[in-house]
Amino acid sequence: MSISKVLILLGLLALAGIATADPIHVEKVAAGDKIASGDQFLTQTRQLTYDGKRSGEGYFSLDGKLLTLQSEREPENPWYQIYLLNLDTGDSERISPGTGKTTCSYINPADSQQVIFASTHGDPKSLELQKAELEFRASGKERRYSWDYDSHFDIYRFDRATKAYTQLTREEGYDAECAYSRDGKTIVFSSNRNAFREGLSEEDAKKREINPEYFADIYLMDADGGNVRQITDVPGYDGGPFFSYDGARIIWRRFSADGATADVYTADADGKNQKRITHFDAMSWAPFFHPSNEYVIFASNKEGFSNFELYLVDAEGKKEPVRVTYTDGFDGLPVFSPDGKSLVWTSNRKGASQLFMARWNHEGAREAIAKAPARKEDKN
Amino acid sequence: MKKSLMILAMAVIPCLAAADETDLRAHVEFLSSPLLEGRLTGSEGERIASEYLGAQLRARGIQPLPGHDSFLLPFDFVSGMKDEGSSIKLTQGATAKDFPGDHVVGMSFSDNGTISAPVVFAGYGIKSPGSSETPYDSFHELDVKGKIVVMLRYFPENVKEEAFRHELSRYAGLRYKAMNAREAGAVGVIVLTGPNSPNAGKTVPVGFDTSVAGSQIIAVSADGEFADALFAGEDKTLKAIQTELDSGNPHVSGFAFTNKTVTISAAIKKDRREGHNVVGYLPATKGETDEYVLIGAHYDHLGHGAGGDSLAGEGDAGKIHPGADDNASGVAVILEVAGALAREQRPRNIALAFWSGEELGVIGSQAFIDKKLIPVEKITAYLNLDMVGYARDNKLSAQGIGSAPEWPSIVEKANMRPGFDLVMSKDPYLPTDASVFYTAKVPVLNLFTGAHENYHKPSDTAEKLNYEAMDRMVTLATNIVGSLMNDEKGPTYTAVERTKPEGESGRGVGRVYTGTIPDYAAEVEGLKLSGVMKDGPAAKAGLEKGDVIIEFGGRKVANIYDYMYALEGIKIGEKTAVVVMRGDKRVALEIIPEARK
């Protein structure tokens, strides 16, 4: 590389020495401080996606070769659309219709031709809203990123062979955050449909306008959208549910009624034996089982309101969580690959959110959890 | 002859095996071996390297460009400059005094010849267009027509308004100053280094100017003894005048020396030599196309480091600069990419270029463009590799992505297997051959693993490179070229505004030496240091590897450009506040920037 521009400009050149050592004053010296890092569990960390304004929420196919994700990649649509990324070739293709908002995709473990996701493209106004948002952004303004729980979200299934979309939910309200069971026969999802039922009290109607997510609960349905059953019914936002890779357990997060904190819950595949496994006194969410089912990874802002880091906790919640990541900003939405050897998560450590991937140290995680102190007494 | 036969024999061996770390290492070891003496453009070492590269290309079934029977594409350049006895004669009435060669040095851009004329003093000789309130013009109301102009080196040191200092520093390049004098009608220029300046009373080294064209002015620098003789008998001493100029009154007017005539003889010898780009060609395998995907890396380096760009310490000066990372690393990767591409179906032509003359100022790649060897409008995109051997923490910089909106998706796909943690940056105005193509409106991408402690030193040797990462880079670069040659449309050239201070000179900035080594791959707010030069001002100030500079001279530093800007405004030899983040601690230090010779 030519030195003339870079290093001359940086003042790196010249060996003329005239200065002598001068006393320096140091406010605080960090000498000897060992800087903690995520190397204990994560190695070969790399940014996986670069395309699009922002990307996130990557989920593996059962063979580990495909990843569905959401990304803002197209000039005509300001919102997330769903893409299928081939982890062998690097090819990616949009699989959602292209209009409206989408989120939370998942590949059927029993048949990777089928991908479910939530979308608002059924809203007749979706194209209009999209143009309005583009104009708003073109005016130079930008909203602080927030999720609006658009009541037009419904869950759809995309068939990769026929390119056909099948609508699986039809209720008014936010139906999203969906995932398949291992056998592909059941879908678990989050919905605030109860906030749209008739006879809502005045107080609740007011609440719906401000915090529509307050009404969200966890539901199960058959893969064709039939046989819907609600499995949680407590005040506060229940969402982000997943089955464990063997299909035996469900995991999700529950916000407190005031929305200030969240913690991780598990249940049997039918919703029975619900159990809280964290009391972390922070916003702890986006939990995901390791395929060994021995422990769970989740994101929490224990370190500061907007500094989300990843943590591990044993599947029974007997221990205090163990910290995994050490970077400023957001690290969240973690998922293990089906072989348990890789972790994919969403991070804004380099600017806008993108997907990151790293090798996962399973033995290291087990050891660290074994050494972790016992969970403090339940406060609730 | 013997040498080249041996090389040809050697060249055939590595390509029999598949591309792997061993081959990459073999290329780098050969190119950085003492036999090639640092591959200075136009040297015997360059010639041997070019033969090696030609043989490697031929062994992979790659051809010379259509219409050429050799891979070697020569270009002319000025390889060196020597002052061969420039002198000044100062005449006052009947007395004359001669100032021979040890008092006078010709400027690299000076025409040769002898000129006699009355003398005019023009302060710092600066003309700036005036983005600040008052434009600065040393020639204002000064009659220099037919005269010889005496001017000071550098720029006023004590101007209070910081923005104004910055502006002046950008117009302080000596060539630019001399051109101002010429435009005002002057026939000659004498530069003095003022008594208040760094390098006070010294002549300016002849330096190096690769442009072959003349400047139509005679320009020399002279020492303090000449300055004393010139200012003897005048109202004020040069020191008094400079102090006035420096003290926030930039408009101290110039004046004519009464009864004094100067005769300048400038005798600069330019050595003209021939350098060689090495360019191979893989024709498209399907369809008719005249479009090319270009991939390249410079293979020249600094020789023994005599050209002034060496960073060798005193004990190492004059030793061979092997240039293993800079840029045998990029060359080695491209040789292996060439092998892979030769086996693929190609919807577009591919040209593989090994540039010479890069270290002298990207003159080899510029000559390639100027001679229209491939018309630039037929180049789909240019992928450059320069210094790719120091991958750390799996990081690799992908620079210039602002040159086309398609780069992020191309790079995302290409990187899937190689799996680098890429650090993308938009700026395509890079200090390497990529910028030459970008300026010619070609989308460019540069791969780079960062500056380091062995940069431009005799210690840039082959065993220090990360060959495992370079092996993955072969896949990455092959994938990128694959995307470029298969995509019907190709990337869309996009104009990017220059964010760096440009000006005519950059010399004003180059006066300062801090001894910091920036970490180009860091993604932090501020300027992260991958190290500090031993015994440099930064080291003396207590800065350490890993520190992130967030303030310099009272100015916020969010990135490398802020830092460069801050450097322009600081004073040499004076304590300057620098604040760094060390881990999560804020540390305030004081640095004393030194003068660059």
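Residues numbered from 1 in each chain as written. Chains lettered and ligands numbered in written order. Predicted model: local features only at pLDDT ≥ 70, side-chain atom pairs only at ≥ 80, totals over all residues. Heavy atoms only, no water.

1. Quick word on the overall build of chain B
Stage number 1. The helix and strand tally for chain B stands at 14 helices and 27 strands.
Stage number 2. Across the 597 residues that make up chain B, the buried fraction comes to 58%.
Stage number 3. Relative to all contacts within chain B whose residues are 6 or more apart in sequence, the contacts with residues 24 or more apart total 80%.
Stage number 4. With the model as given, the accessible surface of chain B reaches about 22,600 Å², and the carbon-plus-sulfur share is 50%. (Helix = DSSP H or I, 4+ residues; strand = E, 2+ residues; numbered from the N terminus. Buried < 20%, exposed > 50% of the residue type's maximum accessible area, 1.4 Å probe, protein only. Contact = heavy atoms within 4.5 Å. Areas by Shrake-Rupley, 256 points an atom, 1.4 Å probe, with all protein chains shown as cover.)

2. A short note on the pairing of strand S11 (residues 218-222) of chain B
All names here are of chain B.
Stage number 1. S11 sits mainly inside the fold: 5 of its 5 residues count as buried.
Stage number 2. Here S11 shows two buried faces, one formed by Ile218, Val220 and Ala222 and the other by Ala219 and Ser221.
Stage number 3. Where strand S5 (residues 104-106) lies against S11, 3 bridges are found, and the strand directions are antiparallel. Bridging from a neighbouring strand, Gly106 pairs with Val220 of S11.
Stage number 4. Relative to S11, strand S10 (residues 188-192) runs parallel, the two being bridged by 5 bridges. If you follow Val189 over to S11, its bridge partner there is Ala219. (Pairing = 2+ DSSP bridges.)

3. Some points on the packing of aromatic side chains
Stage number 1. Under the defined criterion, the tally for this structure stands at 42 aromatic pairs over all chains.
Stage number 2. Consider the rings of Phe298(A) and Tyr311(A), whose centres lie 5.9 Å apart with planes at 25 degrees: the pair is stacked. Here Tyr311(A) lies in strand S20 (residues 309-314) and Phe298(A) lies in strand S19 (residues 295-300), a separation of 13 residues in the sequence.
Stage number 3. Residue classification places Tyr311(A) among the buried positions, given a relative accessible area of 3%.
Stage number 4. With a centroid separation of 5.1 Å and 85 degrees between ring planes, the pair formed by Phe231(B) and Phe257(B) is classed as edge-to-face. (Phe/Tyr/Trp six-rings, centres within 6.5 Å; stacked < 30°, edge-to-face > 60°.)

4. With respect to the environment of Ser459(B)
All names here are of chain B.
Stage number 1. Its place among the elements puts Ser459 in the loop between strand S19 (444-448) and helix H12 (467-486).
Stage number 2. Each C-alpha atom, one on Ser459 and one on His321, is 7.3 Å from the other, the two residues being 138 residues apart in sequence.
Stage number 3. Apart from the residues within four sequence positions on either side, Ser459 is in contact with Asn454 and Lys464.

5. Observations concerning the sheet that holds strand S4 (residues 95-99) of chain B
Residue and element names in this part refer to chain B.
Stage number 1. On the basis of which strands lie adjacent, the open sheet formed by 8 strands has the order S4-S3-S12-S6-S9-S10-S11-S5 and mixed pairing. Edge strands, defined here as strands with exactly one partner in the open sheet, are S4 and S5. Strand-to-strand, the axes of this sheet are offset by a mean angle of 30 degrees, without reference to chain direction.
Stage number 2. Relative to strand S9 (residues 148-152), strand S6 (residues 113-121) runs parallel, the two being bridged by 3 bridges. Residue Val120 lies in a different strand from S9, and its bridge partner there is Val149.
Stage number 3. Sheet strands touched by helix H6 (residues 224-231): strand S3 (87-92), S4, S6, S9, S10, S11 and strand S12 (255-266). Its angle to S12, the strand with the most contacts, is close to 145 degrees. (Axes fitted to C-alpha atoms, helices over the stretch in contact; angles between N-to-C directions.)

6. Some thoughts on the pairing of S9(B)
Residues and elements named next belong to chain B.
Stage number 1. In terms of burial, S9 is largely enclosed, as 5 of its 5 residues are buried.
Stage number 2. Here S9 shows no split at all, with Ile148, Val150 and Leu152 on one side and Val149 and Met151 on the other all buried.
Stage number 3. In this sheet, S10 lies alongside S9 in parallel orientation, the contact comprising 5 bridges. Note on S10: the bridge partner recorded for Leu152 is Leu192.

7. Looking at the pattern of salt bridges
Stage number 1. Per the stated rule, a full pass over the model turns up 44 salt bridges over all chains.
Stage number 2. One salt bridge in this structure joins Lys413(B) and Asp91(A), with 2.5 Å as the shortest N-O distance. With Lys413(B) in helix H10 (residues 407-414) and Asp91(A) in the loop between strand S4 (81-86) and strand S5 (92-94), the pair connects residues from two separate chains.
Stage number 3. One salt bridge in this structure joins Lys464(B) and Glu463(B), with 3.7 Å as the shortest N-O distance.
Stage number 4. Accessibility expressed as a relative area gives 35% for Lys464(B), which makes it partly exposed.
Stage number 5. Connected through salt bridges with shared partners, the residues Arg54(A), Glu72(A), Glu133(A) and Arg137(A) form a single ionic network. (Salt bridge = Lys/Arg side-chain N within 4 Å of Asp/Glu carboxyl O.)

8. With respect to the environment of Val331(B)
Residues and elements named next belong to chain B.
Stage number 1. As for its placement among the helices and strands, Val331 is situated in helix H8 (residues 324-342).
Stage number 2. The sequence separation of Val331 and His27 amounts to 304 residues, and the corresponding C-alpha distance is 8.1 Å.
Stage number 3. For Val331, the residues in contact, after removing those within four places along its chain, are Leu31, Leu53, Ala297, His298, Tyr299 and Phe354.

9. Concerning helix H2 (residues 21-31) of chain B
All names here are of chain B.
Stage number 1. Every buried residue of H2 is accounted for by Asp23, Leu24, His27, Val28, Phe30 and Leu31. Angularly, the buried residues of H2 cover 165 degrees about the axis, an arc narrow enough to put them on a single face.
Stage number 2. Of the residues flanking the start of H2, the one acting as N-cap is Asp20, its side-chain oxygen 3.0 Å from the backbone nitrogen of Thr22. (Arc of directions from axis to C-beta. Polar contact = N/O pair within 3.5 Å; in protein donor to acceptor, adjacent residues only side chain to side chain.)

10. Notes on unusual backbone geometry
Residues and elements named next belong to chain B.
Stage number 1. The step from Asp326 to Asn327 runs through a cis peptide bond, and the omega angle for that step is 5 degrees.
Stage number 2. By secondary structure assignment, the location of Asn327 is in helix H8.
Stage number 3. Unusually for a residue other than glycine, Arg39 sits at a positive phi of about 50 degrees.
Stage number 4. Inspection of the secondary structure puts Arg39 in the loop between H2 and helix H3 (44-59).
Stage number 5. Residue class for Arg39 comes out buried when judged on its relative accessible area of 0%.
Stage number 6. Residue Glu141 is not a glycine yet carries a positive backbone phi of 55 degrees.
Stage number 7. Looking at where Glu141 falls in the secondary structure, it is placed in the loop between strand S8 (136-137) and S9.
Stage number 8. For Glu141, a relative accessible area of 74% gives the class exposed.

11. A closer look at helix H9 (residues 363-370) of chain B
Residue and element names in this part refer to chain B.
Stage number 1. Of all 8 residues that make up H9, 6 are buried, and the element is covered over most of its length.
Stage number 2. Turning to H9, its buried residues number three or more, namely Ile363, Gly364, Ser365, Ala367, Phe368 and Ile369.
Stage number 3. Buried residues along H9 sit against strand S2 (72-83), strand S13 (268-282), strand S15 (349-355) and helix H11 (434-439).
Stage number 4. Looking one or two residues beyond H9, the residue adopting positive phi is Lys372, at roughly 55 degrees.

12. Regarding the confidence of the model for chain B
Stage number 1. For chain B, the average pLDDT comes to 87, and 90% of its residues sit at 70 or higher.
Stage number 2. pLDDT under 50 marks residues 500-509 of chain B. Its contacts with residues more than four places away, or in other chains, come to 24 contacts. (pLDDT = per-residue confidence, 0-100.)

13. Re the side chain of His279(A)
Residue and element names in this part refer to chain A.
Stage number 1. Structurally, the position occupied by His279 is in the loop between strand S17 (275-276) and strand S18 (284-289).
Stage number 2. Overall, His279 belongs to the buried group, its relative accessible area being 14%.
Stage number 3. Here Arg375 takes part through its side chain, which lies 3.2 Å from a polar atom of the side chain of His279.

14. Quick word on the side chain of Arg193(A)
Stage number 1. Mapped onto the elements, Arg193(A) comes out in the loop between strand S11 (186-191) and helix H3 (202-210).
Stage number 2. Excluding residues that lie within four positions of it along the chain, Arg193(A) makes contacts with Thr169(A), Glu171(A), Glu172(A), Asp175(A), Tyr219(A) and Val228(A).

15. Describing the confidence of the model for chain A
Stage number 1. Chain-level statistics for chain A give a pLDDT mean of 88 and a share of 88% at 70 or above.
Stage number 2. The model gives residues 3-35 of chain A a pLDDT under 50, and that stretch makes 88 contacts with residues more than four places away or in other chains.

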